[in-house]
There are 2 protein chains.
Amino acid sequence: MSTKEKILDLAEHYIQHNGYNGFSYHDISSVLGIKNAAVHYHFPKKEELANEVIKKAQVQFENIVEKAEVYDVTYTDKVRRFLTIYDNNLRKENRVCLIGSFATNLDALPPGLNAPLAALVAAIKSWLTMVLAQGREAGEFHFRGSPGQRAALICSGMAGALQLAKILGNEEYYEIKSQLLNDLV
Amino acid sequence: MSTKEKILDLAEHYIQHNGYNGFSYHDISSVLGIKNAAVHYHFPKKEELANEVIKKAQVQFENIVEKAEVYDVTYTDKVRRFLTIYDNNLRKENRVCLIGSFATNLDALPPGLNAPLAALVAAIKSWLTMVLAQGREAGEFHFRGSPGQRAALICSGMAGALQLAKILGNEEYYEIKSQLLNDLV
DNA sequence: GAAGATACTTACTTATTAGTAAGTAAGCTA
DNA sequence: TAGCTTACTTACTAATAAGTAAGTATCTTC
């Protein structure tokens, strides 16, 4: 893995553990055994670094969508595959949802991050809404409310679950996840 | 309102808008037209300031519980009263849940905040679990899963809803809230 | 009316922050 | 082999951070 990729991974790590204002270029460089100027060489501004982290999440989401398209036959499987994103965060030493982290510290963020963040959230909500609508159409889901509302609830519930897990432990996460899935069928 | 109370209110404001690491004593003092040392006079360390904010939230929660005990006859009303805490955050220029904010930045927080935070979350979950259990016993609720699981889902969903509202707008919040309530009955 | 407490200000310190300018060693390219 | 590019280091800067020590004005209490 290149230094640039390592920096990006560490930035992601810190954003999801400490928040955007809870880490410095020195934190990253010291872990990698390089100087903070080397981090600035790859990502001149912290805002650009955060922007790349968001882009990476967007790509990761698009990969999930693609795999769901190819491999998953049931809509439940598609939703479950989507939720592995959150599972992975839990496994990575109790990371919080990336979007949740940015949203929480939104007023202390460079304003340039707003647009890419909104685009990512909109893409996720739109895809999940579609999957839920189709799943209901196919008779697989029987939830109350509109697919859009339900999609918003799932994203919020999962993001909140990761936060709650940090304080009360991981069982909370799995219980919330299973309820969200149960309320779908 | 005393300067001390004003400082506390501003700290709460910043924690819920910027996160613990997204504001400074200078941010607070400049708004109040005093010097940063005056803030240190009332709250010597930032950790103590944050601790007082948590205590304030604990008191606020206990007031809600007390009022629910006295005024609310149905369990639905008790839950609705509890959810006004989140409504108020939304109204206050889209504040995020206080606990959610601390949880998100947990790894970049003074470790002394961990215990009071966990105590607050435990108290909330415990009370809400009780209300949901009694409401189901009384035939008022018919949700799936255990009351504890359902309580965790409601707290997570509401915290996530406030975060989602910051990015996609306030309608998301109300839709999520109404779904959480609908899934109860 | 003297003594102490309250609520600050002035004037610092030390540490950390994002960011930069200039230099360098190693590898690739014409 | 001369020159360019890549990936850094060295050595800064200016701003901001939390926190402190000493001084001061005002109010309260005996």
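Above this note sits the structure.
Residues numbered from 1 in each chain as written. Chains lettered and ligands numbered in written order. Predicted model: local features only at pLDDT ≥ 70, side-chain atom pairs only at ≥ 80, totals over all residues. Heavy atoms only, no water.

Before going further, it helps to spend a moment on the overall build of chain A. Helix and strand counts for chain A come out as nine helices and zero strands. Counting from the amino terminus, chain A carries its helices and strands in the arrangement α-α-α-α-α-α-α-α-α. Taking 185 residues into account, the globule formula puts the C-alpha radius of gyration at 16 Å, and chain A, at 18 Å, falls close to it. Based on the C-alpha atoms only, the size of chain A along its principal axes is roughly 55 × 35 × 30 Å. Within chain A, residue pairs in contact and separated by at least 24 positions form 64% of the contacts whose partners lie at least 6 positions apart. In the form shown here, chain A has an accessible surface area of approximately 7900 Å², with 52% of it arising from carbon and sulfur atoms. (Helix = DSSP H or I, 4+ residues; strand = E, 2+ residues; numbered from the N terminus. Rg over C-alpha atoms; globule rule 2.2 N^0.38 Å. Contact = heavy atoms within 4.5 Å. Areas by Shrake-Rupley, 256 points an atom, 1.4 Å probe, with all protein chains shown as cover.)

What follows concerns the protein's contact with DNA strand C. Neighbouring residues of DNA strand C: 16 residues in total, closest A:S24, A:H40, A:K46, B:T3 and B:K35. Counted by atom, the contact set of DNA strand C within 4 Å of the protein is 71% sugar and phosphate. A:K45 places a side-chain nitrogen or oxygen 3.3 Å from a phosphate oxygen of DNA strand C. The backbone of B:K35 places a nitrogen or oxygen atom 3.0 Å from a phosphate oxygen of DNA strand C. Mapped by element, the contributors of at least two residues to the surface near DNA strand C are α3 (36-42) of chain A together with α3 (36-42) of chain B. Looking at the surface near DNA strand C, its residues break down into eight nonpolar, five polar and three charged. (Near = heavy atom within 4 Å. Polar contact = N/O pair within 3.5 Å; in protein donor to acceptor, adjacent residues only side chain to side chain. Nonpolar A, V, L, I, M, F, W, Y, C, P; charged D, E, K, R; others polar.)

This brings us to the interface of chain A and chain B. Counting from both sides, the interface comprises 46 residues of chain A and, opposite them, 46 residues of chain B. Summing the contributions of chain A and of chain B, the shared interface buries around 3800 Å²; its carbon and sulfur component is 57%. Sorting the residues of chain A by area buried against chain B places A:T104, A:I167 and A:Q179 first, and these three jointly supply 17% of that buried surface. Between the two partners, chain A and chain B, sit six salt bridges. Note that A:K125 and B:E172 form a salt bridge whose closest N and O atoms lie 2.9 Å from each other. Seen at the junction of chain A and chain B, the total is 19 residue pairs in polar contact (both at pLDDT 80 or more). At the level of elements, α1 (3-18), α6 (98-104), α7 (114-137), α8 (147-168) and α9 (170-182) of chain A are the ones that each hand at least two residues to the side of chain A that touches chain B. Here the element with the most residues in the side of chain A that touches chain B is α8(A); it accounts for 13 residues. Residues that form the side of chain A that touches chain B fall into these classes: 18 nonpolar, 20 polar and eight charged. (Buried area = accessible area lost by both parts, 1.4 Å probe. Salt bridge = Lys/Arg side-chain N within 4 Å of Asp/Glu carboxyl O.)

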